[in-house]
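What the coordinates show
Here is what each chain is made of, one letter per residue.
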Amino acid sequence: LIDNADQRIDEDTKEFTLSCSLFFHGLVTAILKTALFSHLLWTLSMPISVLSFTISGYLLWFGILYAISSTMLGMKIGKNLAPQEYLVEQANAHFR
């Protein structure tokens, strides 16, 4: 028998709705910032010539490459954290 099941359901529901609303707010904010900042980078960077190629908006392209490479590095570093977090949660469950 589960102790205080109604309180646990209530807390889980509150946590879920809060995390969903924060996620949606963060997603909309990120999309708007990306659109505005991309336009700004494109207009600020003049075309440059590299090895007979003309690159327009090089600041935007550099930003995209930087974002992709840092995301890949973060994924490589963080892939071992999920099993570690599971072990921590399992250890915390034993104390309840």
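It should be noted that the structure appears before, not after, this text.
Below: a short report on this structure. Everything numeric in this text was worked out from a predicted model, so none of it was measured.

**Some points on the overall build of the protein chain**
What the protein chain contains, in helices and strands, is 3 helices and 2 strands. Seen in sequence order, the protein chain has helices and strands lined up from the N terminus as α-β-β-α-α. Against the 2.2 N^0.38 benchmark of 12 Å for 96 residues, the protein chain shows a C-alpha radius of gyration of 22 Å, more extended than a compact globule. For the protein chain, the spread of C-alpha atoms along the principal axes amounts to about 75 × 30 × 10 Å. Here the protein chain holds 96 residues, and 4% of them are scored as buried. Just so you have it, the protein chain exposes about 9,000 Å², and 70% of that area is on carbon and sulfur atoms. Between the mean site of the 6 positive side-chain charges and the mean site of the 8 negative ones, the protein chain shows a separation of 14 Å.

**With respect to the pattern of salt bridges**
Taken as a whole and assessed by the stated rule, the structure comprises 1 salt bridge. The partner of lysine 14 in a salt bridge is aspartate 10, and the shortest N-O contact between them spans 3.5 Å. Remark: aspartate 10 and lysine 14 occur in helix 1 (residues 5-44); sequence separation between them is 4 residues, near one turn of the helix.

**Points about the environment of histidine 39**
Within the element layout of this structure, histidine 39 appears in helix 1. Remark: the alpha-carbon pair of histidine 39 and glycine 57, spanning 18 residues in sequence, is separated by 9.5 Å.

**Structural notes on unusual backbone geometry**
Unusually for a residue other than glycine, leucine 51 sits at a positive phi of about 50°. As for its placement among the helices and strands, leucine 51 is situated in the loop between strand 1 (48-50) and strand 2 (53-55). Taking the relative accessible area as the measure of exposure, leucine 51 reaches 74% and is therefore exposed. One non-glycine residue with positive phi stands out, namely serine 52, at about 65°. Turning to its location among the elements, serine 52 is positioned in the loop between strand 1 and strand 2.

**With respect to the side chain of serine 45**
Looking at the secondary structure, you find serine 45 in the loop between helix 1 and strand 1. On the basis of relative accessible area, serine 45 is assigned to the buried category, the value being 5%. At 2.9 Å, the side chain of serine 45 forms a polar contact with the backbone oxygen of leucine 41.

**Details of the packing of helix 1 against helix 2 (residues 58-78)**
Viewed as axis vectors pointing N to C, helix 1 and helix 2 meet at an angle of 135°, and their least axial separation amounts to 6 Å. Judged by the angle between their axes, helix 1 and helix 2 are oblique. On the side of helix 1, the interface is formed by Ser38, Leu41 and Trp42, while helix 2 contributes Leu59, Leu60 and Trp61. Looking at the contact of helix 1 with helix 2, its residues break down into 5 nonpolar, 1 polar and no charged.

What counts and how
Residues numbered from 1 in each chain as written. Predicted model: local features only at pLDDT ≥ 70, side-chain atom pairs only at ≥ 80, totals over all residues. Heavy atoms only, no water. Helix = DSSP H or I, 4+ residues; strand = E, 2+ residues; numbered from the N terminus. Rg over C-alpha atoms; globule rule 2.2 N^0.38 Å. Buried < 20%, exposed > 50% of the residue type's maximum accessible area, 1.4 Å probe, protein only. Areas by Shrake-Rupley, 256 points an atom, 1.4 Å probe, with all protein chains shown as cover. Lys, Arg positive; Asp, Glu negative; His and termini not counted. Charge placed at Lys NZ, Arg CZ, Asp CG, Glu CD. Salt bridge = Lys/Arg side-chain N within 4 Å of Asp/Glu carboxyl O. Polar contact = N/O pair within 3.5 Å; in protein donor to acceptor, adjacent residues only side chain to side chain. Axes fitted to C-alpha atoms, helices over the stretch in contact; angles between N-to-C directions. Parallel < 35°, antiparallel > 145°, perpendicular 65-115°, else oblique. Contact = heavy atoms within 4.5 Å. Nonpolar A, V, L, I, M, F, W, Y, C, P; charged D, E, K, R; others polar.

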